[in-house]
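# Summary of the model geometry
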Amino acid sequence: MCNNEALQAETMSSSFSRSSLLLSVSVGVGSGIAMGVARLLFQLNLFYILVFAYAIALVLTAFSKEEVVAVAWDSAGVTTGPVTVPLVVALGLGISRGMGVGDGFGILSCASVSPIIFVLISAMLRRRVKP
């Protein structure tokens, strides 16, 4: 997420600061990549992982402010950048080739849903601490 988007989000919402948004998105992408790698290592079904993750995101969305929801769902777009996509796809293909697994995809999709969840949770926790 670029600093301009974080600055715009900070000015439009009192639910989170610029630094907490950047941290939430970063941790979300990192944990999503870890979840995708775990899927490859343990040969888990991507469909069930994504259904569960998006179900969590939808439940959190129902209990969040509209302005936070817009920023959270938009934060998934950071995983479609010109640096992230080749890096994450190469990681998945390298791991799958090294393990002899035929399917190395799914890491990017896991990395896309995780920032949504982390931004929504971060805003909820912040709202609890700072009413």
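As shown above, the structure is provided for reference.
Residues numbered from 1 in each chain as written. Predicted model: local features only at pLDDT ≥ 70, side-chain atom pairs only at ≥ 80, totals over all residues. Heavy atoms only, no water.

Bringing the overall build of the chain into the picture now. Along its length, the chain carries 6 helices and 0 strands. Split into buried and exposed, the 131 residues of the chain put 40% on the buried side. Of the contacts made within the chain by residues no fewer than 6 positions apart, 75% connect residues no fewer than 24 positions apart. In the form shown here, the chain has an accessible surface area of approximately 7400 Å², with 68% of it arising from carbon and sulfur atoms. (Helix = DSSP H or I, 4+ residues; strand = E, 2+ residues; numbered from the N terminus. Buried < 20%, exposed > 50% of the residue type's maximum accessible area, 1.4 Å probe, protein only. Contact = heavy atoms within 4.5 Å. Areas by Shrake-Rupley, 256 points an atom, 1.4 Å probe, with all protein chains shown as cover.)

Phe-16, Leu-21, Ile-33, Ile-107, Ile-116, Ile-117 and Leu-120 are the most contacted members of the largest nonpolar core, which totals 25 residues. Sorting the residues of this core by element identifies helix H2 (18-42), helix H3 (46-62), helix H4 (66-74) and helix H6 (107-129) as the ones contributing at least two each. If you tally residues by element for this core, the top one is H6, at 9 residues. Once you skip the residues sitting within four places of it in the chain, Ile-107 turns out to touch Gly-32, Ile-33, Gly-36, Val-37, Leu-40, Val-88, Leu-91 and Gly-92. (Core = buried A, V, L, I, M, F, W, Y, C linked by side-chain atoms within 4.5 Å.)

So, on to the packing of aromatic side chains. Using the criterion set out here, one finds 2 aromatic pairs in the structure. A centroid spacing of 5.5 Å and a plane angle of 70° characterise the contact between Phe-47 and Tyr-48, whose relative ring orientation is edge-to-face. Among the residues examined, Phe-47 registers a relative accessible area of 54% and is labelled exposed. Plain terms: the ring middles of Tyr-54 and Trp-73 are 6.2 Å apart, the flat faces sit at 25° to each other, and that makes the pair stacked. In this pair, Tyr-54 is assigned in helix H3 and Trp-73 in helix H4, connecting sequence segments 19 residues apart. With a relative accessible area of 32%, Tyr-54 lands in the partly exposed category. Residue class for Trp-73 comes out partly exposed when judged on its relative accessible area of 30%. (Phe/Tyr/Trp six-rings, centres within 6.5 Å; stacked < 30°, edge-to-face > 60°.)

Turning our attention to H3. Helix length check: H3 (17 residues) gives 24 Å between terminal C-alpha atoms against 24 Å at 1.5 Å per residue, within 8%. By the burial criterion, the buried members of H3 are Ile-49, Leu-50, Ala-53, Ala-57, Leu-60 and Thr-61. For H3, the angular spread of buried residues about the axis comes to 105°, placing them on one side. Within H3, the exposed residues directed more than 90 degrees away from the buried face are Phe-47, Tyr-48, Phe-52, Leu-58, Val-59 and Ala-62. (Expected span 1.5 Å × (residues − 1). Arc of directions from axis to C-beta.)

The end-to-end C-alpha distance of helix H5 (residues 84-99) is 22 Å, a good match for the 22 Å that 16 residues give at a rise of 1.5 Å each. Next to the buried residues of H5 lie H2 and H6. Two residues or fewer past H5, Gly-100 is found with a positive phi of approximately 75°.

It is worth spelling out unusual backbone geometry at this point. Despite not being glycine, Gln-43 has its phi angle at roughly 50°, a positive value. You can see Gln-43 is positioned in the loop between H2 and H3. Accessibility expressed as a relative area gives 61% for Gln-43, which makes it exposed.

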